[in-house]
Amino acid sequence: MRDLERNAWQDRGAVGEYVESVRSQAPVNEWIEKPALRMLVGEVHGLALLDLGCGPGDFTRACMDAGAASIIAVDSSAEMLRHAPALRHVRYVHATMETLERPPASVDLVYSSMALHFMEGVSDVFSRTAAWIRPGGHLVVTIEHPLVAATSRGDWIDDGRGALAWSVDQSLEEGPRRDQRGDLVIVGWHWSVSSRITMAGAAGFQLERLVEPCGVQDGWQQALAVMAKNHGRPAILGMRLIPD
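Cut-offs and rules
Residues numbered from 1 in each chain as written. Predicted model: local features only at pLDDT ≥ 70, side-chain atom pairs only at ≥ 80, totals over all residues. Heavy atoms only, no water. Phe/Tyr/Trp six-rings, centres within 6.5 Å; stacked < 30°, edge-to-face > 60°. Buried < 20%, exposed > 50% of the residue type's maximum accessible area, 1.4 Å probe, protein only. Lys NZ or Arg CZ within 6 Å of the ring centre and 35° of its normal. Helix = DSSP H or I, 4+ residues; strand = E, 2+ residues; numbered from the N terminus. Pairing = 2+ DSSP bridges. Right-handed = clockwise from strand over helix to strand, strands pointing away.

Chemist: I'm lost on the packing of aromatic side chains in this one. Help?
Modeler: Centre distance and the angle of the planes are the two values used to describe a pair of aromatic rings. Tallied over the full model, the rule gives six aromatic pairs. Ring centres 5.2 Å apart and planes at 75° place the aromatic pair tryptophan 9 and tyrosine 18 in the edge-to-face group. The partly exposed category is assigned to tyrosine 18, whose relative accessible area is 30%. The residue whose ring lies beneath arginine 233 is tryptophan 166, and the NZ or CZ to ring-centre distance is 4.5 Å.

Chemist: Hey, could you run me through the pairing of strand β5 (residues 107-113) in this one?
Modeler: When a strand is regular, its side chains alternate between the sheet's two faces. With seven of seven residues buried, β5 lies mostly within the body of the structure. Of the pairings in the sheet, the one linking strand β2 (residues 48-52) to β5 comprises three bridges and is parallel in character. For leucine 50, the partnering residue across the bridge sits in β5 and is valine 110. As paired strands, β5 and strand β6 (residues 133-144) are joined by six bridges and run parallel to one another. Within β6, the residue paired with valine 107 across the bridge is isoleucine 133. The β-α-β motif built from β5, the intervening helix α5 (residues 122-132) and the parallel element β6 has right-handed crossover chirality.

Encoded structure:
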């Protein structure tokens, strides 16, 4: 019964396993998503940043190491924030993106790493974020690629010729996607690429760059199987958005 389900992002054990995984050089994070995120974010030295969905704070630390002046790091999971490092000029906030309040034109850059595909109200998040960014600033988002949630099978299939294939039979069926393991559940939200760009445009953003990263070259030896699969079906979608 759904009233007995628990949100995996609020469960201490599940979050601990996740953090251990991403901090042990998980291939998609280490060799595909984070290099794309760093490229899209660009220079942060001296900037005031807002991190939406900071998780355990690993990229927050990376931005401070790169010279950011200050960071407001936000996550809806208290368990995630338990793993975040204590850093000077970083303030962690336990809040959802839908309820977070920030002053207008208060940050130079907003970024969100692998969090917005868990949000139903993406349009509202885009609209509210646009007001927080100072002139000349931008928003960077990385999400699970919509093709990942476009299948009813949930896994790679044998194409009958000794290779793996990915079904996209639910590509345009937008809405929630449930990942359930026992009584723990994670609910993601599938929107097509065009829908996400349309939402951003309606909120007052212009798309400056869209990327489907294939991974860094030196990742091929460390994560050969994952990197090869990513060429058949990209795992990550990244956007750099500029307020009008």
